[in-house]
Amino acid sequence: MTPAGARSGDGPLLDVRDLSVRFTRRGEPDTVAVDGISFDIEPGEVVGLVGESGCGKSVTSLAIMGLLPGRGPKVGGEVRFGGDDLLALSDSALRERRGRDLGMVFQDPLSSLNPVVPVGVQITEALTRHRGMDKKAARTEAITLLERVGIPDPARRVTSYPHQMSGGMRQRALIAIALACRPRLLIADEPTTALDVTIQAQILELLRELVAETGTALMMITHDLGVVAGLCDRVNVLYAGRIVERAERHRLFATPRHPYTHGLIGSIPRLDSDPELELPAIPGSVNDNLPWDTACAFAPRCPREIGRCTEVTPGVETAASRLLRCHNPVPATSA
Amino acid sequence: MTSTENATTVTDTDLLLEVDDLAVHFPITSGVLFERTVGHVRAVDGVSLRVHRGETYGLVGESGCGKSTLGRAILRLVDPTSGSVLFDGTDVATLKGEPLRRMRRRFQMVFQDPLSSLDPRQSVESLLTEGLRAHGLSRGGEADRARLTELMDAVGLPSGALRRYPHEFSGGQRQRIGIARALCVEPDLIVADEPVSALDVSVQAQVLNLLSRLQRELGLTYLVIAHDLAVVRHVSDRVGVMYLGGIVEEAPAGDLYSDPLHPYTRALLSAVPVPDPQVEDDRERILLTGDLPSPAAPPSGCRFHTRCPWRQADRCDTERPQLRVPEGAGPEHRVACHHAEAIRDGRITRHEVAPEAVDQSSGTGPAAPEQGGSLTEFLGR
Amino acid sequence: MSAPTTWARRRRARIDDTAQGRSLGADALRRLRRNPVAITGAVIIAVFVLISVFAPLLAPHGPAEAFPQLLDRLRPGEIPGAQDGFPLGSDQNGRDEFSRMILASRQTLLVGVLATVFGLVFGVLIGVVAGAVGGWADTVLMRVTDVLLSIPSLLLAISVAALAARPSQTTVIIAVALVNVPIFARLLRGSMLAQRESDHVLAATALGVKRPAIVVRHMLPNAIGPVIVQATLTLATAILDAAALSFLGLGDADPARAEWGLMLATAQPYLDVRPALALYPALAIIVVALGFTLFGEALREALDPKGRR
């Protein structure tokens, strides 16, 4: 799975330690969106952050990129990338890193592309600024990039405006922009959620190829376990701002240990499952949480809840490259 | 075809809904002062389908295929351009005014976005009572309240929810309210347009289970419209696959997934992500190239020929295939493809399709490899 | 279905605990009460309304009553200032400025409120018809309002007021109301159209609710918010417009009646003698207009669904 030679052995490419993001509002209690998340990404690795709305996955990516709104959120912890703590960098230094080492692809390609600038210009800008190319070389490179991401007729498409492209093509263009500076890490936040299934399959295939080819690492943020199953090397499952389980994808899907992961995988209707059986649903909604400080947030919805779950915060256990945060995990044998 | 078979309509008492050659075209207008029609978006273009009492018919397709418009045309929330919609023997497509309004009691809708489809200024009770009043089902305060409490219980909400307002609920609970509203007038048919796609993954299963339980208990008939094939397969007895305004394949859910015959259905099935790494690693993917052509200028012949990896030179781009039962398939399995049998039997193999940029459709042929079966390449073999 | 889980029982209990749901209106009111801007505006408006309601009791003298002790000292180049019994001194005709200021608030409120209410009623009627019926009714009504909107409002008011045979308070009210009809109509029509396309209106249609009921129960209540806000702001401009008309001599010419705009106009020749005569009504107009504007803005903020949590 992992491309040869990508793991250089210098430790992880991205090392997120105890990241927390707290939103404060006047006259109201603080909202903790991200509550002490730690994970790392090796060079060339594809790591997934999975969770439902409000689990903090998107806020995590924005915090890593330094794209959270300036006032309001309080960010704590460390984000080490190539020896620097991204959270401690100045705005201008961070902007430089963002252009060169980190690329980002968002859910909605239309709103993240500049509507009044041709797509080609948006790519060449990045090339001239961060890779010091001249205009002509940048244009040629832009065409190559567009071709690489599978945009038909790239020489003509360079002059197209975003609104002249279809959703799938826009997402390809956005990926081309993100890749323009050959980043070492690509962060993709729900890159296929707004797309149709057949287009989604194209984009996922493209990401798969690009990772294998360029050796860039990919952080994949999604709510779709199916997307994760086909793409990620390691998967982090988030619930209410904390990682509840982390494992290599085959192990995670074969033997999910956390009741949330277990329930989530079980509750998804599958093409190859028996439609006569009722889906084992997780009761309640993501709003029915307990505070992590004094309990397990998932306890109110958990079928394996024991007394301790509502009284003691479950600690993190790491065993055999699996991280687990649960008082009463699903036995490893039952899948 | 079906228009001559009026006899079946009379004898088949199980039939609740019969849509015949339904079309919905939206005019495209331009001009500032004097609007003129410069074309039509053929959202739904000649769809025929039948839904039996008590069954669930699933309609799948990607955005822009016209599935939502079809659902709304059946409910007469948009006006059909041509064709007929026989609901229990009455042509809904020609109904107007008060008779149409009274007919609405019998077919209801569940919306995709439960928040925007509930009036934010009405309490749940008043939203539901409204339905009772509109159809003269109201029997006064106490009786109504008892009825609504019962309804709340049926959809898994406490009766205290009646006094609350939509914004005070979570997404899943709102969808339950949406379902309760549809149920309050005791309909025969419920059209559910993407009933779970706006909900969190962990909540989707709850709502799907609720829908099937209600069907069992109340004998409801469903038309479920969704883009998620797994969801559709889970809830449906029969499934129709739509592409660019037409149904390209229709079959019992199991058959469709085990034995897809239309190239588009095959591509769609192979594109659905499965939450199982083993399946994901091993499966053969049929990646479609390019985008959906504009429904304002659909391709000639078979609508799918511009993206079809099995396209043949003979008549794919000239003759629009009709739904037919292919040789060797079950009697309920119908497909609109000239070469369905040949593709199934492997007599035609896949070839590359050059992606075609879709912005202003030229209406002419595709930029696919020239012609001839000789160009079919042996991919993946 | 499986037996209710512990969760389900807990959840039911949780919803039942709170007896009454909170409507959007109650929500907005709560936010309004916590906004200092709204409180400031509301206090100004309340004081103004109280003064005008109890004006005859508060004012020590009548509006047309001239006093010998003031007239005695009234001569070219001098208007008597504050003194015993006359806290704001005399006006240019030897009348009590203080009483006239208080009594004038009544006229101003009357003109402002009536002009706004008339404008609102007709504007809402037109807006509802245009927005709910659509088609040619919409086209005709909107073209007419477009024409009215294209004329500068004060010019329109002046033309209407000038058309009347004899300028009176009624003409001022009609003129100011007419200026505001197209503003309300257009605003309401826009938000009615947005409502017409909304999912919940479609849902009500699908449910089989009768069209008039949909318009009245679902479209209008959801569309009226911006119009209510506009009405509050219009109260301020209506007062200013009415004052302007009076100032230009198109208002009620009856000298016995006190009105801030008229007082401002008649104080003009005496600016160098006693500028306070112009200052008092001007200040009063500004403060009251500010009160309505502050409240209107706060109301807009409170009704904005994005502000809700």
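Look up: the structure comes first, before these words.
Residues numbered from 1 in each chain as written. Chains lettered and ligands numbered in written order. Predicted model: local features only at pLDDT ≥ 70, side-chain atom pairs only at ≥ 80, totals over all residues. Heavy atoms only, no water.

**Remarks on the overall build of chain B**
- From N to C terminus, chain B includes 12 helices and 11 strands.
- Across chain B, every contact between residues at least 6 apart in sequence was considered, and the portion connecting residues at least 24 apart equals 64%.
- Of the roughly 14900 Å² of accessible surface on chain B, a fraction of 48% belongs to carbon and sulfur atoms. (Helix = DSSP H or I, 4+ residues; strand = E, 2+ residues; numbered from the N terminus. Contact = heavy atoms within 4.5 Å. Areas by Shrake-Rupley, 256 points an atom, 1.4 Å probe, with all protein chains shown as cover.)

**What about the overall build of chain C?**
- Each helix and strand in chain C was counted, giving 14 helices and zero strands.
- Each helix and strand of chain C, placed in order from N terminus to C terminus, yields the pattern α-α-α-α-α-α-α-α-α-α-α-α-α-α.
- Scaling as 2.2 N^0.38, a compact globule of 309 residues should have a C-alpha radius of gyration of about 19 Å, whereas chain C reaches 25 Å, well beyond that.
- Split into buried and exposed, the 309 residues of chain C put 46% on the buried side.
- If you take every contact in chain C between residues at least 6 apart in sequence, the share linking residues at least 24 apart comes to 74%.
- When the accessible surface of chain C is summed, it comes to about 14900 Å², and 68% of that surface belongs to carbon and sulfur atoms.
- Here chain C holds 29 positive side-chain charges and 22 negative ones, and the gap between their average locations is 16 Å. (Rg over C-alpha atoms; globule rule 2.2 N^0.38 Å. Buried < 20%, exposed > 50% of the residue type's maximum accessible area, 1.4 Å probe, protein only. Lys, Arg positive; Asp, Glu negative; His and termini not counted. Charge placed at Lys NZ, Arg CZ, Asp CG, Glu CD.)

**Observations regarding the packing of helix H3 (residues 36–53) of chain C against helix H14 (residues 276–303) of chain C**
All names here are of chain C.
- Two elements in contact, H3 and H14, have axes separated by 7 Å at closest approach and are oriented at 140 degrees. The pairing of H3 with H14 is recorded here as oblique in orientation. At the point where H3 passes H14, the crossing takes the left-handed sense. Contact residues: Val37, Ala38, Thr40, Gly41, Ala42, Ile44, Ile45 and Phe48 in H3; Val287, Val288, Gly291, Phe292, Leu294, Phe295 and Ala298 in H14.
- A class-by-class count of the residues in the contact of H3 with H14 yields 12 nonpolar, three polar and no charged. (Axes fitted to C-alpha atoms, helices over the stretch in contact; angles between N-to-C directions. Parallel < 35°, antiparallel > 145°, perpendicular 65-115°, else oblique. Left-handed = near helix turned anticlockwise from the far one by under 90°. Nonpolar A, V, L, I, M, F, W, Y, C, P; charged D, E, K, R; others polar.)

**Side note on the pattern of salt bridges**
Residue and element names in this part refer to chain A.
- All chains considered together, the criterion is met by 52 salt bridges over all chains.
- The shortest N-O distance in the salt bridge between Arg156 and Asp153 comes to 2.8 Å.
- Assessed through its relative accessible area of 40%, Asp153 is described here as partly exposed.
- A network of salt bridges, in which partner residues are shared, links Asp84, Glu96, Arg97, Arg100, Asp101 and Arg184. (Salt bridge = Lys/Arg side-chain N within 4 Å of Asp/Glu carboxyl O.)

**Examining the packing of aromatic side chains**
- Enumeration over the complete set of coordinates arrives at nine aromatic pairs over all chains.
- Here the aromatic rings of B:Tyr243 and B:Tyr264 are separated by 4.6 Å at their centres, their planes lie at 55 degrees, and the arrangement is tilted. With B:Tyr243 in strand E9 (residues 238–243) and B:Tyr264 in helix H10 (residues 263–271), this pair connects stretches of sequence that are 21 residues apart. Here B:Tyr243 matches B:Tyr264 in class, with each residue buried.
- When the centroid spacing of 5.9 Å and the interplanar angle of 40 degrees are considered together, the rings of C:Phe48 and C:Trp260 count as tilted. Residue C:Phe48 is found in helix H3, and its partner C:Trp260 is found in helix H13 (residues 260–267); the two are separated by 212 residues along the sequence. Comparing C:Phe48 with C:Trp260, the two get one shared label, buried.
- The structure contains a cluster of three or more aromatic residues connected by ring pairs, namely A:Tyr239, A:Tyr260 and A:Phe298.
- The ring centre of A:Trp292 lies 5.6 Å from the NZ or CZ of A:Arg325, which sits over that ring. (Phe/Tyr/Trp six-rings, centres within 6.5 Å; stacked < 30°, edge-to-face > 60°. Lys NZ or Arg CZ within 6 Å of the ring centre and 35° of its normal.)

**Here's the deal with the sheet that holds strand E2 (residues 36–52) of chain B**
Residues and elements named next belong to chain B.
- Within the open sheet, the four strands sit side by side as E2-E1-E4-E5. Their pairing is antiparallel. Across the chains shown, the open sheet's two edge strands, defined by having one partner strand only, are E2 and strand E5 (90–91).
- Two strands pair when backbone bridges link them, and strand E4 (residues 82–87) and E5 are joined in this way by two bridges, in the antiparallel orientation. Bridge assignment links Phe87 to a residue of E5, and that residue is Thr90.
- The strands touched by helix H2 (residues 67–74) within the sheet are strand E1 (15–30), E2 and E4, with E1 carrying the most contacts at an inclination of about 115 degrees. (Pairing = 2+ DSSP bridges.)

**Description of the state of the cysteines**
- Counting across every chain of the model gives zero disulfides over all chains.
- No disulfide involves A:Cys326; its sulfur sits 6.1 Å from that of A:Cys302, the nearest cysteine.
- By relative accessible area, which is 10% here, A:Cys326 ends up buried.
- The thiol of B:Cys308 is not disulfide-bonded; the next cysteine sulfur, from B:Cys316, is found 6.4 Å away. (Disulfide = S-S within 2.5 Å.)

**Quick notes on the side chain of A:Arg246**
Residues and elements named next belong to chain A.
- Turning to its location among the elements, Arg246 is positioned in strand E10 (residues 242–248).
- Summary of buried charges: Arg246 has no salt-bridge partner, and the nearest side chain of opposite charge, Asp40, is 6.1 Å away.
- Of the polar contacts made by the side chain of Arg246, one reaches the backbone oxygen of Ser38; its length is 3.1 Å. (Polar contact = N/O pair within 3.5 Å; in protein donor to acceptor, adjacent residues only side chain to side chain.)

**Points about the nonpolar core**
- Counting 65 residues, the largest nonpolar core has A:Ile123, A:Ile175, A:Leu218 and A:Tyr260 as the members making the most contacts within it.
- Setting aside residues up to four positions removed in sequence, A:Tyr260 forms contacts with A:Glu52, A:Val237, A:Leu238, A:Tyr239, A:Val244, A:Ile282 and A:Phe298.
- One finds B:Val185, B:Ile190, B:Leu208 and C:Val128 within the second-largest nonpolar core, a separate group that totals 56 residues. (Core = buried A, V, L, I, M, F, W, Y, C linked by side-chain atoms within 4.5 Å.)

**A word on the environment of C:Asp84**
- Position of C:Asp84 among the secondary structure elements: in the loop between helix H5 (68–71) and helix H6 (97–133).
- Sequence separation of C:Asp84 and C:Met101 is 17 residues, and the distance between their C-alpha atoms is 17 Å.

**Observations concerning the interface of chain A and chain B**
- In this complex, chain A contributes 48 residues to the contact, which on the side of chain B involves 42 residues.
- Between chain A and chain B, the buried area comes to about 3900 Å², and carbon and sulfur atoms account for 58% of it.
- Looking at the side of chain A facing chain B, the largest losses of area belong to A:Val197, A:Thr198 and A:Leu271, adding up to 18% of the total buried there.
- Here chain A is connected to chain B by 15 residue pairs in polar contact (both at pLDDT 80 or more).
- Put simply, the parts of the chain that give the side of chain A that touches chain B at least two residues each are helix H6 (154–157), helix H8 (197–214), helix H9 (225–231), helix H10 (249–254) and helix H11 (259–267) of chain A.
- Top contributing element to the side of chain A that touches chain B by residue count: H8(A), with eight residues. (Buried area = accessible area lost by both parts, 1.4 Å probe.)

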